[in-house]
Amino acid sequence: MFYREAGDFKTSYQDDGQTFPIKFDRYRYYAVLIFAFAIVPFMLNDYWVNAIFLPFLIYAIAAIGLNILVGYAGQVSLGSGGFMAVGAYACYKFMTGIDIWIGGVQYALPPINIFFSVILAGLTTAFVGVLFGLPSLRIKGFYLAVATLAAQFFLVWLFNKWEWAYNYSASGQINAPERGVFGVAVTGPATSAWATYLFCLVFVTVLAIVARNLTRGSVGRKWMAIRDMDIAAEIIGVDPLKAKLTAFAVSSFYIGIAGALFFAVYLGAAEVGEAFGIQKSFLLLFMVIIGGLGSVFGSFAGAAFLVLLPVLLKNVLVGTLGWPTDIAAHLEFVIVGALIVIFLIAEPHGLAQLWRVAKEKLRLWPFPH
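Parameters at a glance
Residues numbered from 1 in each chain as written. Predicted model: local features only at pLDDT ≥ 70, side-chain atom pairs only at ≥ 80, totals over all residues. Heavy atoms only, no water. Phe/Tyr/Trp six-rings, centres within 6.5 Å; stacked < 30°, edge-to-face > 60°. Helix = DSSP H or I, 4+ residues; strand = E, 2+ residues; numbered from the N terminus. Buried < 20%, exposed > 50% of the residue type's maximum accessible area, 1.4 Å probe, protein only. Lys NZ or Arg CZ within 6 Å of the ring centre and 35° of its normal. Salt bridge = Lys/Arg side-chain N within 4 Å of Asp/Glu carboxyl O. Core = buried A, V, L, I, M, F, W, Y, C linked by side-chain atoms within 4.5 Å. Contact = heavy atoms within 4.5 Å. 1 Å grid on protein atoms, 1.4 Å probe; cavity = no way out; pocket = protein on both sides within 12 Å on 5 of 7 lines; lining within 4 Å. Points joined across faces, edges and corners; volume = space filled by probe spheres on them. Nonpolar A, V, L, I, M, F, W, Y, C, P; charged D, E, K, R; others polar. Patch = residues over 30% accessible without salt bridge, like charges linked within 9 Å, V, L, I, M, F, W, Y side chains within 5 Å. Areas by Shrake-Rupley, 256 points an atom, 1.4 Å probe, with all protein chains shown as cover. Expected span 1.5 Å × (residues − 1). Bend = angle between axes of the 7 residues up to and from the residue. Polar contact = N/O pair within 3.5 Å; in protein donor to acceptor, adjacent residues only side chain to side chain. Axes fitted to C-alpha atoms, helices over the stretch in contact; angles between N-to-C directions. Left-handed = near helix turned anticlockwise from the far one by under 90°.

A. Spotlight on the packing of aromatic side chains. Applying the stated criterion across every chain, the model contains 20 aromatic pairs. An angle of 35° between the planes, with centres 6.0 Å apart, marks the rings of Phe 154 and Trp 157 as tilted. Highlighted residues: Phe 154 and Trp 157, both in helix α6 (residues 142-161), separated by 3 residues, approximately one helical turn. We classify Phe 154 as partly exposed; its relative accessible area is 38%. Taken together, the ring pairs in this structure connect Tyr 59, Phe 262, Tyr 266 and Phe 276 into an aromatic cluster. Over the face of the ring belonging to Trp 164 we find Lys 93, whose NZ or CZ atom lies 4.0 Å from the ring centre.

B. Up close: the pattern of salt bridges. Taken as a whole, this structure holds 2 salt bridges when the rule is applied. Across the pair Lys 140 and Asp 230 runs a salt bridge, and its minimum N-O distance is 3.2 Å. Taken together, the residues Lys 140 in the loop between α5 (114-133) and α6 and Asp 230 in helix α9 (residues 230-235) connect sequence positions 90 residues apart. Here Asp 228 ties to Arg 227 by a salt bridge, and the two come within 3.0 Å at their closest N and O atoms. On the basis of relative accessible area, Asp 228 is assigned to the exposed category, the value being 55%.

C. Local environment of the nonpolar core. With 100 residues, the main nonpolar core has Ile 61, Val 118, Leu 261, Phe 263 and Phe 276 as its most contacted residues. Broken down by element, this core gets its largest block of residues, 15 residues, from helix α3 (residues 46-72). In contact with Val 118, other than residues within four places in its own chain, are Cys 91, Phe 199, Phe 203, Ile 257, Ala 260 and Leu 261.

D. Inspection of unusual backbone geometry at higher detail. Not every positive phi belongs to a glycine, and Asn 167 is a case in point at roughly 55°. Along the chain, Asn 167 falls in the loop between α6 and β3 (174-175). Using a relative accessible area of 30% as the deciding quantity, one classes Asn 167 as partly exposed. Unusually for a residue other than glycine, Tyr 168 sits at a positive phi of about 60°. Relative to the helices and strands, Tyr 168 is located in the loop between α6 and β3.

E. Layout of the environment of Asn 213. When you line up the elements, Asn 213 lands in helix α7 (residues 193-216). When its relative accessible area of 39% is taken as the criterion, Asn 213 is described as partly exposed. In this structure, the C-alpha to C-alpha distance between Asn 213 and Ala 38, residues 175 residues apart in sequence, is 25 Å.

F. Summary view of the layout of surface pockets. The computed volume of the largest pocket comes to approximately 1500 Å³. Lining the largest pocket are 45 residues, with Phe 20, Arg 28, Tyr 29, Phe 297 and Phe 300 sitting closest to its centre. Class assignment for the residues of the lining of the largest pocket results in 29 nonpolar, 7 polar and 9 charged. Approximately 720 Å³ is the volume found for the second largest pocket.

G. Quick peek at a nonpolar patch on the surface. Together, Phe 127, Leu 131, Leu 134, Leu 137 and Leu 241 make up a nonpolar patch on the protein surface, roughly 450 Å² of accessible area in all. Along the chain, Leu 137 turns up in the loop between α5 and α6.

H. How the structure looks around the side chain of Ser 136. Looking at where Ser 136 falls in the secondary structure, it is placed in the loop between α5 and α6. Among all residues touching Ser 136, those that are not within four sequence positions of it are Gln 75, Leu 144, Lys 244 and Phe 248.

I. View of α3. Between the first and last C-alpha of α3 there are 36 Å, a value that for 27 residues agrees with the 39 Å anticipated at 1.5 Å per step. Where α3 bends most, the angle comes to about 35°, and this point is Phe 53, followed within four residues by the proline Pro 55. In terms of burial, α3 is largely enclosed, as 20 of its 27 residues are buried. With a side-chain oxygen lying 3.2 Å from the backbone nitrogen of Tyr 47, the N-terminal cap of α3 falls on Asn 45.

J. Inspection of the packing of helix α13 (residues 296-320) against helix α15 (residues 350-364) at higher detail. Two elements in contact, α13 and α15, have axes separated by 7 Å at closest approach and are oriented at 115°. The two elements α13 and α15 meet at a crossing, and its hand is right-handed. Of the residues in α15, those touching α13 at Phe 297, Gly 298, Ala 301 and Phe 305 are Leu 351, Ala 352 and Trp 355. Taken together, the residues of the contact of α13 with α15 break down into 6 nonpolar, 1 polar and no charged.

In structure tokens:
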């Protein structure tokens, strides 16, 4: 009875078009934010942050970005791991200083603050994403998936061979130097659990709000028009060039920020083939499919599900039942594969649709219709 629009009147267009029109949704959103920012940091330890919270927050950003491209704009992409690598290596270069040559003279730009390094890494990835998104103007479907898959392999090969990208390190590995915000370290070996958590949480909160408003506005409607029927969308005045390239740019920006945070804050050190291989692209795609295409909440749900599932299986099967670790890992693949098949057949819109149905039941209960 408490989850209703009855008595929730609007007196302006701004109120009528707000993100959460039902008061209960707004209050729940504010409560979650207060809990996440004011209470969770005091309850954390290193295990909870490294095993659950940091992977969930970072993968949620990447899943939102991929969902913008695949779920809202309808452009299939299998190159998310490569774009995360662009964000990681760009962030590394901005953190350590960039050497440039002008007129044959070498200049060394000073290192940039970690916060701005992450944002600049996202912008760099957005530019690369637009370049690889140009084929979407001519091809779509399976052929576009193959083109983005080629981008994945090309970017991994590039960062393996381009010595300037990893500062000519003998091992080919990049290591995040110690950097902080307001004197508090968020990268490097001297970080605190609460600091890394809050640093990632700020990015997640801002990017999720931006994505929610983008997808509900005119830009999001153009993306969905291209997704549903690109020829009809072009006839009614939607520019397919602008719509597709903006989708690639925004999606790559989100994925680049996720890659930068994944390297600098979570891993601390990375080698492109291991950290950003093709398995990363498929993992993000599985998050979007299970969570729900075309839903910001679905991106969070899919990321939470695929982050918590391995932890749960390890604690139950290995810790409690004493199973071998390799069997538990193989069972995880079986469960994820079975769930993808089940969701594609029974509920193509994923966990987000189940959440929508539950809310509709609350809005109608106890009436049958």
